[in-house]
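# Understanding the architecture of this molecule
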Amino acid sequence: MKSFFYLQRSDRRAVIVLLAGLVLLVVVLHFVGGGNEYTEVVEADSTAVKKQAKPSYHHYYDNGAPAGGAPLEAQLFAFDPNTADSTSLLSLGLSPRLVRNIYRYRAKGGVFHRKQDFARLYGLTVGQYRRLEPYIVIGEDYQWAADRIPAAKTSRLSVRDTMPYPKKLKVGEHIELNSADTSMLKRVPGIGTAYARAVVSYRERLGGYYQASQLLEIRGFPVTALQFFVVDVTKVRKININRLKQSTLSNHPYIDRRQAQTIVTHRNVFGPIKSLDKLAHYSDFTPDKIERLKAYVEF
């Protein structure tokens with residue numbers, strides 16, 4: 001050892017470099033030789049982490065398939081699109097987007113009267129409808145009365161013999177607008193079956209007429225027919241704007257969606273509305289709109 005320190009400086013440097021190289025080689029061999037075991041342990045740990053991190057729920061695409069690709073296995077069973085809840089609709093294989101469309105349609109007062117009405121659902125494909133059609137069951141309360149209640153069987157000849165056409169009113173004769181059925185309405189000159197049905201349908205949506213000129217809100221309604229009507233305003237049905245939900249308020253012909261939202265917001269911020277004049281400072285409620293609405297609201 002003592003002779004080592006008496007080596008020449010160049011010889012000592014060579015020996016030190018050689019020893020450092022040996023140490024480095026040993027270190028490299030140590031890590032390379034145990035690399036497989038280390039890699040296996042790391043991979044096993046990462047696999048375990050992935051398994052633990054796997055969520056217990058699925059993300060859905062618009063086609064109803066979970067994130068990962070494979071579509072959900074749909075369960076087919078009888079359902080009424082007017083009353084089925086979201087859980088049932090999703091179980092049938094409908095995507096969350098279609099379920100939201102069904103809920104929006106129903107919230108706006110939409111009704112599925114026949115199976116074919118469901119085919120018009122926005123976003124529904126032909127294949128989806130054909131698969132679900134055998135399982136669609138429309139409740140009796142939602143079906144058209146004409147489809148459920150059979151008309152009395154009468155001879156067409158006998159009807160034509162007894163009353164071939166409705167007897168029309170003469171000038172100076174009148175009928176009461178809020179109680180007349182389609183048969184009476186067809187006695188008014190200028191009104192046939194289509195206009196008679198439109199008058200009754202619009203009357204139901206309004207809650208009754210407070211003046212005959214409202215009939216002109218029906219497209220193409222003949223002005224000359226107005227002279228044959230009188231109006232009993234006590235038959236007008238009113239709505240309480242402090243109690244009804246936004247979706248129900250917007251079903252009235254004189255209240256659109258923005259106005260319904262304004263009413264609900266005002267109620268929530270300032271409390272019950274005691275007069276329509278309280279809404280006059282909102283741009284949605286112009287003086288003429290407030291005036292025509294007064295006949296239909298109560299507080």
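Given the structure is predicted, the values throughout are model-derived calculations rather than measurements.

## Let's talk about the overall build of the protein chain
Within the protein chain, the regular secondary structure consists of 13 helices and four strands. When burial is assessed residue by residue, the protein chain has 27% of its 299 residues classed as buried. When contacts within the protein chain are restricted to residue pairs at least 6 apart in sequence, long-range pairs at least 24 apart make up 51% of them.

## Some remarks on the pattern of salt bridges
What the rule picks out here adds up to three salt bridges. A salt bridge links Asp 284 to Arg 258; the nearest nitrogen and oxygen atoms lie 3.3 Å apart. Of this pair, Asp 284 sits in the loop between helix 12 (257-270) and helix 13 (287-293) while Arg 258 sits in helix 12; the two residues are 26 residues apart in sequence, bridging distant segments of the chain. Asp 284 gets classed as buried once you look at its relative accessible area, which sits at 13%. With a relative accessible area of 56%, Arg 258 lands in the exposed category. Close ionic contact of Lys 294 with Glu 291 constitutes a salt bridge, the shortest N to O distance being 3.8 Å. In this structure Lys 294 comes out as partly exposed when scored by relative accessible area, which is 39%.

## Considering the packing of aromatic side chains
Applying the stated criterion across every chain yields a total of seven aromatic pairs. With 6.3 Å between their ring centres and 55° between their planes, Tyr 202 and Tyr 209 make a pair best called tilted. Take Tyr 209: its relative accessible area is 0%, and that puts it in the buried class. Within the aromatic cluster, the residues linked to one another by ring pairs are Phe 79, Tyr 105, Phe 112 and Phe 118.

## Quick word on a nonpolar patch on the surface
Together, Val 15, Leu 18, Leu 19 and Leu 22 line one region of the surface with nonpolar side chains, adding up to about 360 Å² of accessible area. Turning to its location among the elements, Val 15 is positioned in helix 1 (residues 9-33).

## Some remarks on the confidence of the model for the protein chain
Scored by pLDDT, the protein chain has a mean of 80; 75% of the residues are at 70 or more. Low pLDDT, under 50, characterises residues 34-71; the predicted model gives this stretch 22 contacts beyond four residues in sequence or across chains. pLDDT under 50 marks residues 154-163. Its contacts with residues more than four places away, or in other chains, come to two contacts.

## A few points about helix 10 (residues 193-206)
With 14 residues, helix 10 should reach 20 Å at 1.5 Å per residue; the first-to-last C-alpha distance of 20 Å fits that figure. Here helix 10 has its buried residues at Ala 196, Val 199, Tyr 202, Arg 203 and Leu 206. What you see down the axis of helix 10 is that its buried residues fit within an arc of 135°, all on one side. Exposed residues pointing more than 90 degrees away from the buried face of helix 10 are listed as Ala 194 and Arg 197. Residues of helix 10 that are buried in the fold lie against helix 9 (182-185). Immediately downstream of helix 10, the backbone of Gly 207 shows phi near 100°, a positive value.

## A look at helix 12
For helix 12, spanning 14 residues, the distance from its first C-alpha to its last is 20 Å, which sits close to the expected 20 Å at 1.5 Å a residue. Turning to helix 12, its buried residues are Gln 259, Ala 260, Thr 262, Ile 263, Val 264, His 266 and Arg 267. Tucked inside the fold, the buried residues of helix 12 contact helix 11 (246-249) and helix 13. The N-terminus of helix 12 is capped by Asp 256, whose side-chain oxygen sits 3.2 Å from the backbone nitrogen of Arg 258. Downstream of helix 12 by one or two residues, Gly 271 has phi in the positive range, about 95°.

## A few points about the environment of Pro 287
By the secondary structure assignment, Pro 287 is in helix 13. Judged by its relative accessible area of 69%, Pro 287 is exposed. A C-alpha to C-alpha distance of 9.0 Å links Pro 287 and Asp 277, two positions 10 residues apart in sequence.

## Let's talk about a positive patch on the surface
Among the surface-exposed residues, Arg 100, Arg 104, Lys 108 and Arg 257 lie close enough to one another that they form a single positively charged patch. With respect to the element layout, Arg 257 can be found in helix 12.

## Here we look at the side chain of Asn 101
Mapped onto the elements, Asn 101 comes out in helix 4 (residues 96-107). Assessed through its relative accessible area of 14%, Asn 101 is described here as buried. Those residues in contact with Asn 101, other than ones at most four positions away along the chain, are Leu 121 and Tyr 122.

## So, the nonpolar core
Residues Leu 215, Phe 221 and Phe 229 are the most contacted members of the largest nonpolar core, which totals 37 residues. If you list the elements that add at least two residues to this core, you get helix 10, helix 12 and helix 13. Setting aside residues up to four positions removed in sequence, Phe 229 forms contacts with His 174, Ile 175, Leu 177, Leu 185, Val 188, Ile 191, Ala 212, Leu 215 and Phe 221. Counting residues in hydrophobic clusters, the runner-up holds 16 residues, among them Leu 92, Leu 98, Phe 112 and Ile 136.

Definitions and limits used
- Residues numbered from 1 in each chain as written.
- Predicted model: local features only at pLDDT ≥ 70, side-chain atom pairs only at ≥ 80, totals over all residues.
- Heavy atoms only, no water.
- Helix = DSSP H or I, 4+ residues; strand = E, 2+ residues; numbered from the N terminus.
- Buried < 20%, exposed > 50% of the residue type's maximum accessible area, 1.4 Å probe, protein only.
- Contact = heavy atoms within 4.5 Å.
- Salt bridge = Lys/Arg side-chain N within 4 Å of Asp/Glu carboxyl O.
- Phe/Tyr/Trp six-rings, centres within 6.5 Å; stacked < 30°, edge-to-face > 60°.
- Patch = residues over 30% accessible without salt bridge, like charges linked within 9 Å, V, L, I, M, F, W, Y side chains within 5 Å.
- Areas by Shrake-Rupley, 256 points an atom, 1.4 Å probe, with all protein chains shown as cover.
- pLDDT = per-residue confidence, 0-100.
- Expected span 1.5 Å × (residues − 1).
- Arc of directions from axis to C-beta.
- Polar contact = N/O pair within 3.5 Å; in protein donor to acceptor, adjacent residues only side chain to side chain.
- Lys, Arg positive; Asp, Glu negative; His and termini not counted.
- Charge placed at Lys NZ, Arg CZ, Asp CG, Glu CD.
- Core = buried A, V, L, I, M, F, W, Y, C linked by side-chain atoms within 4.5 Å.

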